[in-house]
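What follows is each chain in one-letter form.
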Amino acid sequence: MIWLKFSVTAAFVVLFCIRLSKYADQLAAAKHIGKGFIGFVLLGFITSIPELVSTVASTAYLNNPVLGTANIIGS
């Protein structure tokens, strides 16, 4: 069962990344910005999402803001 969940999640991630790259190319063409720059900005944003999620979860769901503060300082 775990492999089924993993496969579905992996397929979702791959499809999302394909769609994201198409939109990034369209954005670069529409704004006359280099594709490399758009990719650089998106890479920075996407790699920060797990930190944001863990900070919000530790503060909101676990009611422990110290974990969120430690996550921000440790990042």
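None of these values were measured; they are calculated from a predicted model.

### Some thoughts on the environment of alanine 57
So, point 1. Structurally, alanine 57 can be placed in helix α2 (residues 35–60).
So, point 2. Note: C-alpha distance between alanine 57 and glycine 68 (11 residues apart in sequence) is 8.2 Å.

### Remarks on the confidence of the model for the chain
So, point 1. In this model, the chain carries a mean pLDDT of 88, and residues with pLDDT of at least 70 account for 99%.
So, point 2. Taken element by element, the chain is modelled with least confidence in helix α3 (residues 65–74), mean pLDDT 80, and with most confidence in helix α1 (residues 2–31), mean pLDDT 92.

### Quick look at the side chain of threonine 55
So, point 1. Considering the arrangement of structural elements, one finds threonine 55 in helix α2.
So, point 2. Sequence-distant contacts of threonine 55, that is, excluding residues within four places in its chain, are made with Gly68, Asn71 and Ile72.

### Things to note about the packing of aromatic side chains
So, point 1. Tallying each qualifying case throughout the model produces two aromatic pairs.
So, point 2. The interplanar angle of 85° and the centroid separation of 5.9 Å between the aromatic rings of tryptophan 3 and phenylalanine 6 together place this pair among those described as edge-to-face. With tryptophan 3 and phenylalanine 6 both in helix α1, this residue pair falls three residues apart, about one helical turn. The pair formed by tryptophan 3 and phenylalanine 6 is uniform in burial state, with each residue classed as exposed.

### Description of a nonpolar patch on the surface
So, point 1. Taken together, the side chains of Ile33, Phe37, Phe40 and Val41 define a hydrophobic patch exposed on the protein surface, amounting to about 410 Å² of accessible area.
So, point 2. Counting through the fold element by element, phenylalanine 40 comes out in helix α2.

The rules behind these values
- Residues numbered from 1 in each chain as written.
- Predicted model: local features only at pLDDT ≥ 70, side-chain atom pairs only at ≥ 80, totals over all residues.
- Heavy atoms only, no water.
- Helix = DSSP H or I, 4+ residues; strand = E, 2+ residues; numbered from the N terminus.
- pLDDT = per-residue confidence, 0-100.
- Contact = heavy atoms within 4.5 Å.
- Phe/Tyr/Trp six-rings, centres within 6.5 Å; stacked < 30°, edge-to-face > 60°.
- Buried < 20%, exposed > 50% of the residue type's maximum accessible area, 1.4 Å probe, protein only.
- Patch = residues over 30% accessible without salt bridge, like charges linked within 9 Å, V, L, I, M, F, W, Y side chains within 5 Å.
- Areas by Shrake-Rupley, 256 points an atom, 1.4 Å probe, with all protein chains shown as cover.
- Salt bridge = Lys/Arg side-chain N within 4 Å of Asp/Glu carboxyl O.

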